Amino acid sequence: MRIGIVGGGAIGLLTAAYLSKQHHVTVYTNRKEQAQWLMSEGLKLVRNGEQETIFVQAKPLQERMDEEEILFIAVKQYHLPTLFDQFAHLLRSRTIVFLQNGMAHIDQLRDLPHDHIILAVVEHGALKQNDTTVIHTGIGQTKWSVWKGKGTDFQQLANDEIDHFSFQYCENWEEMVVKKLLANVLINPLTALLNVRNGQLVERSEYNEAMKLLFEEVTSVLQVTDKQAMWNYIMHICEKTAHNRSSMLRDIEEGRKTEIDAILKYIIDRAQKQRMAAPISQFLYYAVKGKEQEGEAR
Ligand SMILES: NC(=O)C1=CN([C@@H]2O[C@H](COP(=O)(O)OP(=O)(O)OC[C@H]3O[C@@H](n4cnc5c(N)ncnc54)[C@H](OP(=O)(O)O)[C@@H]3O)[C@@H](O)[C@H]2O)C=CC1
Ligand SMILES: CC(C)(CO)C(=O)C(=O)O
């Protein structure tokens, strides 16, 4: 299959590396240099300390796109409006797949003309070391569900057996996305503030206690019924990605904008609509926002 991936960050490079094993993959980058380096040096995938080099096609997004059967969008949620405004040629592919954390992107999909729109949640840990190297720090899976149209093309891709990179279909997209949202609400802001890897939230009992307080608050805002199953899911993600530095921690380290609005602000807004107090979420929200500003001022 011909597959396009927009965004050469941690998740874009990870997806490109694995899918290239069986498909013709093109990475569409933001910067021209990154595309040039990927073409000349190849894409390096590191897993368990071992490195392999994979040859992929890469082009800056400003250039004409090929017509791919499946196009993955692997940019941050806040990049999406610019992407849709500036790159009308994105709209040519048949099936478009969104990998963003949080819920904020879903409303933005309503105006897209695509016949087939897939939502996916990535449960892998991935660290981008440089423009041509990605470290697979935690082997999870990618869950997917159909948001609009049919999932026939995607199903074909998901059926491939690629070692360390499997897909799992979910019937109910909302359930799938909300579960992952909760994992990100619990993991990302705490790791970003405490400056720890995901596994530390389980291993250090004090951090785990802090996490439980936040968990009680957000599960009551979202009216989660099976709290035990949800807690087990979140602990499972922490353990699977124990060595990862969360995407929010990486954003803070790199002085970039975080996805806190798509993740924690969503909970705060939900609480406000229901006239519920959510002081821990608010505290964390402002703390991460402050860190973000510190980075911008650097
Ligand atoms: N990292 C992780 O472990 C996980 C991340 N996710 C989710 O996956 C999504 C992607 O995250 P991640 O890969 O970590 O993010 P990164 O910040 O590593 O990568 C984002 C990439 O998008 C590129 N980009 C920005 N604007 C454009 C544009 N207009 N055209 C083309 N490329 C563009 C950036 O380019 P440039 O380098 O030039 O800025 C960058 O390479 C996020 O929504 C995140 O929540 C989900 C699960 C795990
Ligand atoms: C899966 C996890 C928690 C991996 O760190 C993630 O989604 C992220 O970092 O944004």
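Residues numbered from 1 in each chain as written. Chains lettered and ligands numbered in written order. Predicted model: local features only at pLDDT ≥ 70, side-chain atom pairs only at ≥ 80, totals over all residues. Heavy atoms only, no water.

1. Some details on the side chain of His-124
Within the secondary structure layout, His-124 lies in the loop between β8 (116-122) and β9 (125-130). Taking relative accessible area as the criterion, His-124 reaches 7% and is therefore assigned buried. Polar side-chain contacts of His-124 include one of 2.9 Å to the side chain of His-136. Within the local environment of His-124, its side chain forms a polar contact with the backbone nitrogen of Gly-140, the two atoms lying 3.1 Å apart. Apart from the residues within four sequence positions on either side, His-124 is in contact with Leu-14, His-136, Gly-138, Ile-139, Gly-140, Gln-141, Thr-142, His-164, Phe-165 and Thr-241. (Helix = DSSP H or I, 4+ residues; strand = E, 2+ residues; numbered from the N terminus. Buried < 20%, exposed > 50% of the residue type's maximum accessible area, 1.4 Å probe, protein only. Polar contact = N/O pair within 3.5 Å; in protein donor to acceptor, adjacent residues only side chain to side chain. Contact = heavy atoms within 4.5 Å.)

2. Quick look at the sheet that holds strand β11 (residues 141-148)
The strand order β5-β2-β1-β6-β7-β8-β11-β12 describes an open sheet built from eight strands, whose pairing is mixed. Lying at the two open borders of the sheet, with one neighbouring strand each, are β5 (57-60) and β12 (166-169). Pairs of neighbouring strands in the sheet enclose a mean axial angle of 25 degrees, with direction left out of account. Here strand β1 (residues 2-6) pairs with strand β6 (residues 70-73) via four bridges, running parallel. Bridge pairing links Ile-3 to Ile-70 in β6. (Pairing = 2+ DSSP bridges. Axes fitted to C-alpha atoms, helices over the stretch in contact; angles between N-to-C directions.)

3. A short note on the sheet that holds strand β4 (residues 50-54)
An order of β4-β3-β10-β9 is seen for the four strands of this open sheet, with the pairing classed as mixed. If you trace the sheet from one side to the other, it starts and ends with β4 and β9, each paired once. Direction aside, neighbouring strands of the sheet carry axes that sit 25 degrees apart on average. Pairing between strand β3 (residues 43-47) and β4: five bridges, direction antiparallel. Within β4, the position partnered with Leu-43 by the bridge is Ile-54.

4. Some thoughts on the packing of helix α6 (residues 173-194) against helix α9 (residues 227-240)
Interaxial distance between α6 and α9 falls to 10 Å at its minimum, and their mutual angle equals 65 degrees. For the element pair α6 and α9, the recorded crossing hand is right-handed. Contact residues: α6 offers Lys-179, Lys-180, Leu-182, Ala-183, Leu-186 and Ile-187, while α9 offers Met-230, Tyr-233, Ile-234, Ile-237 and Cys-238. (Left-handed = near helix turned anticlockwise from the far one by under 90°.)

5. Let's talk about the site of ligand 2
As a structural note, the neighbourhood of ligand 2 is formed by Asn-101, Val-122, His-124, Lys-180, Asn-184, Asn-188, Asn-198, Asn-244, Ser-246 and Ser-247. Within the side chain of Lys-180, an N or O atom sits 2.9 Å from an oxygen atom of ligand 2. Between ligand 2 and Asn-198, the relevant distance is 2.9 Å, taken from an oxygen atom to a side-chain nitrogen or oxygen of the residue. Starting from 280 Å² of accessible surface for ligand 2 in isolation, the protein chains cover 95%. Looking at which element gives the most residues to the shell around ligand 2, the answer is α6, with three residues. Taken together, the residues that form the shell around ligand 2 break down as one nonpolar, eight polar and one charged. There are two domains that each give the shell around ligand 2 at least three residues, and those are domain 1 (2-171) and domain 2 (176-297). (Near = heavy atom within 4 Å. Areas by Shrake-Rupley, 256 points an atom, 1.4 Å probe, with all protein chains shown as cover. Nonpolar A, V, L, I, M, F, W, Y, C, P; charged D, E, K, R; others polar. Domains from an automatic or database assignment.)

6. Points about the packing of helix α8 (residues 205-221) against α9
Geometry of a packed helix pair, given as the angle between the helix axes and the separation of the axes. Their axes nearest at 12 Å, the elements α8 and α9 cross at an angle of 135 degrees. Between α8 and α9, the crossing angle belongs to the class labelled oblique. As for how α8 packs across α9, the hand of that crossing is right-handed. Side by side, α8 and α9 meet where Asn-208, Met-211, Lys-212, Phe-215, Glu-216 and Thr-219 of the first sit next to Lys-227, Met-230, Trp-231, Ile-234, Met-235 and Cys-238 of the second. Of the residues in the contact of α8 with α9, the class split is seven nonpolar, two polar and three charged. (Parallel < 35°, antiparallel > 145°, perpendicular 65-115°, else oblique.)

7. Details of helix α11 (residues 260-273)
Helix length check: α11, at 14 residues, gives a terminal C-alpha distance of 19 Å against a target of 20 Å (1.5 Å per residue), a fit within 8%. Of all the positions in α11, only Ile-260, Ala-262, Ile-263, Leu-264, Ile-267, Ile-268 and Ala-271 are classed as buried. Looking one or two places after α11, you find Arg-275, whose phi comes out positive at around 55 degrees. (Expected span 1.5 Å × (residues − 1).)

These results come straight from atomic positions and should not be treated as a statement about function.
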